[in-house]
Amino acid sequence: MTKMTDTATNNAMKIGNSYGEANNSQEIAFDLGVFVGDLNFEEDVSSDDISLEGLQQELEECRNDNVVANILSKGTKLREYTKGVENNLRQVELDSIQDYIKESDNLVSLHDQIRDCDSILSQMETLLSGFQAEIGSISSDIKILQEKSMDMGLKLKNRKVAESKLAKFVEDIIVPPRMVDIIVDGEVNEEYMRTLEILSKKLKFIEVEHMVKTSKALKDVQPELEKLRQKAVSKVFEFIVQKLYALRKPKTNIQILQQSVLLKYKYVVSFLKEHGKEVYIEVRSAYIDTMNKVLSAHFRAYIQALEKLQLDIATSSDLIGVDTRSTSLFSRGREPLKNRSAVYALGERINILKKWVFLLSPCMHDSPDKNNDTVRIIFQEIDQPALIPHIAEASSTKYPYEVLFRSLHKLLMDTASSEYLFCDEFFGEETIFYEIFAGPFSVIDEHFNSILPNCFDAIGLMIMIRIIHQHQLIMSRRRIPCLDSYLDKVNISLWPRFKMVFDLHLNSLRNANVRALWEDDIHPHYVMRRYAEFTSSLIHLNVEYGDGQLELNLERLRMAVDDMLIKLAKTFPKTKPQTVFLINNYDMTIAILKEAGGDGGKIQLHFEELLKSNTAIFVEELLVEHFGDLIKLVKTRASAEELSSSPERPVTVAEVEPLVKDFGSRWKWAIELMHKDVITSFSNFLCGMEILRAALTQLLLYYTRLSDCIKKIPGGSSALNKDLVSISSIMYEIRKYSRTF
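Since the structure is predicted, the reported quantities are computational estimates derived from the model, not experimental observations.

Trainee: Can you tell me about the overall build of the protein chain, naming the residues and giving the values?
Mentor: For the protein chain, the helix and strand inventory stands at 28 helices and 2 strands. Out of the 741 residues belonging to the protein chain, those deemed buried represent 38%. Partitioning the intrachain contacts of the protein chain with sequence separation of at least 6 by distance along the chain shows that 78% fall at a separation of at least 24. For the protein chain, the computed accessible surface area is about 43900 Å², with 55% contributed by carbon and sulfur atoms.

Trainee: Could you give an account of unusual backbone geometry, with specific residues and numbers?
Mentor: In this model, Ser396 sits at a positive phi of 55°, which is unusual for a non-glycine residue. Here Ser396 lies in the loop between helix H14 (389-394) and helix H15 (401-426). Located in the positive-phi region is Arg479, a residue other than glycine, with phi close to 60°. With respect to the helices and strands, Arg479 occurs in the loop between helix H18 (458-478) and helix H19 (484-510). According to the relative accessible area criterion, Arg479 is exposed, its value standing at 75%.

Trainee: A description of the side chain of Thr415 should follow, citing residues and the corresponding values.
Mentor: Relative to the elements of secondary structure, Thr415 occurs in helix H15. In this view, Thr415 contacts Gln255, Leu295, Phe299 and Phe437; residues no more than four positions away in its chain are not counted.

Trainee: Before we move on, could you go through helix H7 (residues 177-185) and cite the residues and values that matter?
Mentor: Among all positions of H7, only Met179, Ile182 and Ile183 are buried. Summarising the axial view, the buried residues of H7 lie within an arc of 95°, below the 170-degree limit, and thus occupy one face. Facing away from the buried side of H7 by more than 90 degrees, the exposed set consists of Pro177 and Asp185.

Trainee: Give me the lowdown on helix H17 (residues 438-451), citing residues and values where you can.
Mentor: Spanning 14 residues, H17 covers 20 Å between terminal C-alpha atoms, matching the ideal 20 Å at 1.5 Å per step. Every buried residue of H17 is accounted for by Gly439, Pro440, Phe441, Val443, Ile444, Asp445, His447, Phe448 and Ile451.

Trainee: With reference to specific residues and values, describe the pattern of salt bridges.
Mentor: When the charged atoms of two side chains with opposite charge come close together, those side chains can pair. In the structure shown here, the tally under the stated rule is 24 salt bridges. Residue Asp503 pairs with Lys499 through a salt bridge whose shortest N-O separation is 2.9 Å. You can see Asp503 and its partner Lys499 sitting in helix H19, 4 residues apart, about one turn around the helix. A residue is classified by how much of its surface remains accessible, and Lys499, at 29% relative accessible area, is partly exposed. Sharing partners across several salt bridges, the network here consists of Arg248, Asp289 and Lys293.

Trainee: If you had to explain the packing of helix H22 (residues 548-570) against helix H23 (residues 575-595) to someone new, which residues and values would you point to?
Mentor: Between two packed helices, the angle of one axis relative to the other and the distance separating the axes together describe the packing. H23 packs onto H22 with a crossing angle of 145° between their chain directions and a minimal axis gap of 8 Å. Here H22 and H23 pass one another in a crossing that is right-handed. Residue-level inspection shows Leu565, Ile566, Leu568, Ala569 and Lys570 of H22 in contact with H23, the latter providing Gln578, Phe581, Leu582, Asn585 and Tyr586. Tallied by class, the residues present in the contact of H22 with H23 amount to 7 nonpolar, 2 polar and 1 charged.

Trainee: Describe the packing of aromatic side chains, naming the residues involved and giving the relevant values.
Mentor: Two aromatic rings are characterised by how far apart their centres lie and by the angle between their planes. Enumeration according to the criterion identifies 24 aromatic pairs in this entry. Centroid distance Tyr287 to Phe422: 5.7 Å. Interplanar angle 40°. Geometry classified as tilted. Here Tyr287 is found in helix H13 (residues 277-307), whereas its partner Phe422 is found in helix H15, with 135 residues between them in sequence. Owing to a relative accessible area of 0%, Tyr287 belongs among the buried residues under this scheme. Ring centres of Phe572 and Phe581 lie 5.3 Å apart, and the angle between their planes is 45°; on these two criteria the pair is classed as tilted. Both residues of the pair, Phe572 and Phe581, belong to the buried class. The ring of Tyr545 carries Arg466 above its face, with NZ or CZ at 4.1 Å from the centroid.

Trainee: Describe the environment of Phe456, and please don't skip the residues or the numbers.
Mentor: Note on placement: Phe456 falls in the loop between H17 and H18. Judged by relative accessible area, which is 18%, Phe456 ranks as buried. The spacing of Phe456 and Ala314 is 142 residues in sequence and 5.6 Å in space, taken between C-alpha atoms. If sequence neighbours within four positions are ignored, Phe456 has contacts with Ala314, Thr315, Ser316, Arg497, Val501, Leu504 and His505.

The rules behind these values
- Residues numbered from 1 in each chain as written.
- Predicted model: local features only at pLDDT ≥ 70, side-chain atom pairs only at ≥ 80, totals over all residues.
- Heavy atoms only, no water.
- Helix = DSSP H or I, 4+ residues; strand = E, 2+ residues; numbered from the N terminus.
- Buried < 20%, exposed > 50% of the residue type's maximum accessible area, 1.4 Å probe, protein only.
- Contact = heavy atoms within 4.5 Å.
- Areas by Shrake-Rupley, 256 points an atom, 1.4 Å probe, with all protein chains shown as cover.
- Arc of directions from axis to C-beta.
- Expected span 1.5 Å × (residues − 1).
- Salt bridge = Lys/Arg side-chain N within 4 Å of Asp/Glu carboxyl O.
- Axes fitted to C-alpha atoms, helices over the stretch in contact; angles between N-to-C directions.
- Left-handed = near helix turned anticlockwise from the far one by under 90°.
- Nonpolar A, V, L, I, M, F, W, Y, C, P; charged D, E, K, R; others polar.
- Phe/Tyr/Trp six-rings, centres within 6.5 Å; stacked < 30°, edge-to-face > 60°.
- Lys NZ or Arg CZ within 6 Å of the ring centre and 35° of its normal.

Listed below in structure tokens is the structure:
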């Protein structure tokens, strides 16, 4: 077959070579127009059927063809050329036939081979078709199996969901025998409470779930669950009431019983609240009634015990401007004399409000950290536990009422805080606290209403006001609001009483009987000492609070005592004792105000100004008493000369000489008299020495001016020089007295 193909190819090549004998390497030039012009067309061909469109383009394309170019270059006619080509094709065909005849055997063999291959391929086709059919059948089976698998998976999923819901339904609605045994015959303990939780869930389940209400199982289970509910409610009611009755036993620690016993069974109350509302109300009422009576009895007993420890400080007659000599000795029989000062002076009573800070340094050798900071421990008296009456009574200790007041309210705060938290956790209600404490509040109010109208201790009242403020801060830090309204009510009742007692002190000064109060004594008056201590105490109690109303009342009191003190001073017949009396009282007042700590504010400044002005008056009077003529000359004649360069009547030696000689003869003796006078006149030694030094300094100034005046007198220095005392001698004497203090 390959040989036949090669023969046909050779014949075709012969035809092409017979017309292309020209040299291909040489470029042949010809004119297409010559040949085109010689073309003859058949006569039966109409010119209308022939289109020459695109002929020029085809000719241009053939121009580069070597075969066409060779043919055209020889000048051969086209018809002749066509006949030659046909003859050549016929010859080639004949040659090809001969070649095929020669190769006939090969062709037959090839045909047989092709037929065998076709048979084999047909068999393979049949086999593959069978395989294809079988594969199609298997694919169909797989698809069917897949659909069945998906259907089975969906059914399994649905059955699982149904099984879980049915299992939960059965679990929630079924009543296990064990649960029945525990509810009916078991003791109330932790297992019993766990069973109550299960019963509660089942009861809620049949009440809430709509599916349960339509189920037939409910008809069988519901009566049994109802019986169990009634039995559980009855049993836990008896149990919890028994526990509540334990609170009524004497000497029972209520807080311990609540925390260690009742709170363990708080779910019992929750169960009653949800499934036995009527019984829960009975339990709630029983607890309120029990705690109301128990706490009321406790507070009543505690108050009665505290009343035995009370120390009476002040009565209605203990006022700043009241004469103590008019008070009967029998009216003070209940109070020791040493406690009289506590009516006006704060003293150690302030300790109840004090804050103590202790610094603890860590042992550096015991700790690897060398940078340990000092530990600060804050200790407040206000936070101390309440008094234990029988211990205090055994020691025969008496306390001012504010100590008992703090102790009572400390016990109230601790009890109320514990009860409030317990009620919130045990019952889940905060309002139950106020029903319980209606009784204790009533007992405390009854006591307070009996004490307050008879309280005339202004210092104690102010301390109680500050105690209430501190207790409000403590309750705020605890974040327990149960006593807010009560503490506000107590605070509101204390302020008017304090104002009333304060006004009694104020009116006692305004309406004081000066003649009854006056004593022929220039030393500090006891009324002024009362005022100073009273004012100092209130200022001290107001340091951290800055109460403007209290400051205004203290200013009113200061004005009243100023007026009364001036009236007392005027009862002295002479100016000097009047001045000494005022100085002694002002100095004592300032000293007491300073002892209170810090500065006394405007009140202290006021008395310091009065002390300064009266000291200047006394110094002048003291000097006039001993050196009156000298001072008169210096103030009148010497001052006139200083103001005028040519006075009408100049100072003469005759005027000055007696004064100089008199001063030189007795000035030391006069200073000694002044010293004795100051020592005996002033209660405060330091104050007296300051006044003496001021007097001697003023004396030195007067004598210096006299010396300057003498120097201006013609011949005065020479005439009086022997009698003049040197300034250094006077200064030495002044320094000698200054060293005594």
